[in-house]
Amino acid sequence: MMKAAPWPVTALFLVSLGLNLWIAGMPDWRWIPAALVAWYVADALSGLTHMFMDYRPCTPGVGLKRLYFYEGSRESADYLALRESVWKKIGPFEKLVYDFKNHHPRPEALGRRSMLVQIGSTIIFVALPASLVLNLGAWLADAPGWMTFGAVILIIGGTFAQYFHGTLHREDNPAIVRWMRATVLLMTPRAHQIHHDTLARDFATNNGWSNPLINRLFNLAIRRRWLTEAGLIPQ
Ligand SMILES: [Zn+2]
Ligand SMILES: [Zn+2]
């Protein structure tokens, strides 16, 4: 259902990010706090997106409920045909919304996808456009280097959000992921398990730094009934 971005798109994205770093110029001490703030904001964006997608109701009556509660083998021809017929009725956004809900009963599926598949749609719809806008903005406005660098870190944190989430659901991760966990730049599977145990807190999945803030927002959204529990499961 999800695909990697076509390689020219990924290549253009890398060139555009490189151009941003070149525009940013010579590093100085301000790049460090800028990067840390950006890493926090990327985490908060992962949390806000996750919270919204978990609780936004799926479109009823298109078969998503049957798909979600399917009892037989998910490799059977029957299941695959059902899935195919449902996919034909909904757009990419609805698929993504379903994907977030489907992640709760079947979390390992996310970890099985390759990195390029996990980050493909984020690159196409968010990261590449953001990086191109930054190219233009940073160059035209002659933005300070630390600001451009912070924006690059934010784009990178956002791009890899789904990949980082996937690493929380698999054992064999590259050394850099293990190192980033040890330095709290990424969160641990144990910390993420709190989300899966409750579905009502700790939505941020990059490093969890923003979870205290997102949890407050979530409680407010539930109290005001902007979000309701019925949205968690396809009806
Ligand atoms: Zn969730
Ligand atoms: Zn998860």
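Because the structure is predicted, anything quoted here is derived from the model rather than measured.

Novice: Help me understand the coordination of the zinc ion (ligand 1), please; the structure alone is not making it clear to me.
Specialist: Four donors placed tetrahedrally around a metal ideally meet at 109.5 degrees, and six donors placed octahedrally ideally meet at 90 or 180 degrees. Distances from the zinc ion (ligand 1) to its protein donors, His50 (NE2), Asp54 (OD), His104 (NE2) and His195 (NE2), fall within 2.0 to 2.1 Å. Viewed at the metal, the four donor atoms of the zinc ion (ligand 1) are separated by angles of 91 to 157°, and the geometry they form is irregular. Donor residues binding the zinc ion (ligand 1) come from one chain and are separated in sequence as H-x3-D-x49-H-x90-H. Taken together, the positions of His50 in helix H2 (residues 31–55) and His195 in helix H11 (residues 189–198) put the pair 145 residues apart, joining distant regions of the chain.

Novice: When you look at the side chain of His104 in this model, what are you seeing that I'm missing?
Specialist: Looking at the element boundaries, His104 is found in the loop between helix H5 (92–103) and helix H6 (108–112). Given a relative accessible area of 13%, His104 falls into the buried group. Polar contacts involving the side chain of His104 include one to the side chain of Asp54, which spans 3.1 Å.

Novice: Help me understand the coordination of the zinc ion (ligand 2) in this model?
Specialist: Around the zinc ion (ligand 2), the protein supplies His103 (NE2), His165 (NE2), His169 (NE2), His192 (NE2) and His196 (NE2) as donor atoms, at distances of 2.1 to 2.2 Å. Between consecutive donor residues of the zinc ion (ligand 2), the sequence gaps follow H-x61-H-x3-H-x22-H-x3-H. Residue His192 and its partner His196 are both found in helix H11; the two are separated by four residues, about one turn of the helix. On the accessibility criterion, His196 (14% relative accessible area) is buried.

Novice: Could you clarify how one ought to interpret the nonpolar core in this entry?
Specialist: Note on soluble globular proteins: their nonpolar side chains tend to be buried together. By size, the foremost hydrophobic cluster in this structure holds 22 residues, and its most contacted members are Phe13, Trp39, Ile153, Ile155 and Leu186. When contributions to this core are tallied by element, the ones reaching two or more residues are helix H1 (7–24), H2, helix H7 (115–140), helix H8 (145–159), helix H9 (161–167) and helix H10 (175–182). Broken down by element, the residue count for this core peaks at six residues, all from H7. Every residue in contact with Ile155, bar those within four places of it in the chain, is listed here: Phe13, Leu17, Ala127, Ala130, Ser131 and Leu134. Core analysis: the second largest hydrophobic core is formed by 15 residues, Leu64, Tyr79, Leu82 and Val97 among them.

Novice: So what exactly am I meant to see when it comes to the packing of aromatic side chains here?
Specialist: Centre distance and the angle of the planes are the two values used to describe a pair of aromatic rings. A full pass over the atoms with the stated rule returns eleven aromatic pairs. An angle of 35° between the planes, with centres 6.0 Å apart, marks the rings of Phe160 and Phe164 as tilted. Given a relative accessible area of 23%, Phe160 falls into the partly exposed group. Between Phe203 and Phe218 the ring centres are 5.0 Å apart and the planes differ by 45°, which places this aromatic pair in the tilted class. One end of the pair, Phe203, is in the loop between H11 and helix H12 (211–223); the other, Phe218, is in helix H12, and 15 residues separate them in sequence. Of the two residues, Phe203 and Phe218, neither departs from the other in class, the shared state being buried. By the ring-pair criterion, three or more aromatic residues cluster together here, those being Trp39, Phe160, Tyr163 and Phe164. Cation over ring: Arg106 sits above Tyr68, and NZ or CZ is 5.6 Å from the ring centre.

About the cut-offs
Residues numbered from 1 in each chain as written. Chains lettered and ligands numbered in written order. Predicted model: local features only at pLDDT ≥ 70, side-chain atom pairs only at ≥ 80, totals over all residues. Heavy atoms only, no water. Donors = N, O, S within 2.8 Å, 3.2 Å for Na, K, Ca; no water. Tetrahedral: all angles 85-135°; square planar, octahedral: opposite > 155°, others 65-115°. Helix = DSSP H or I, 4+ residues; strand = E, 2+ residues; numbered from the N terminus. Buried < 20%, exposed > 50% of the residue type's maximum accessible area, 1.4 Å probe, protein only. Polar contact = N/O pair within 3.5 Å; in protein donor to acceptor, adjacent residues only side chain to side chain. Core = buried A, V, L, I, M, F, W, Y, C linked by side-chain atoms within 4.5 Å. Contact = heavy atoms within 4.5 Å. Phe/Tyr/Trp six-rings, centres within 6.5 Å; stacked < 30°, edge-to-face > 60°. Lys NZ or Arg CZ within 6 Å of the ring centre and 35° of its normal.

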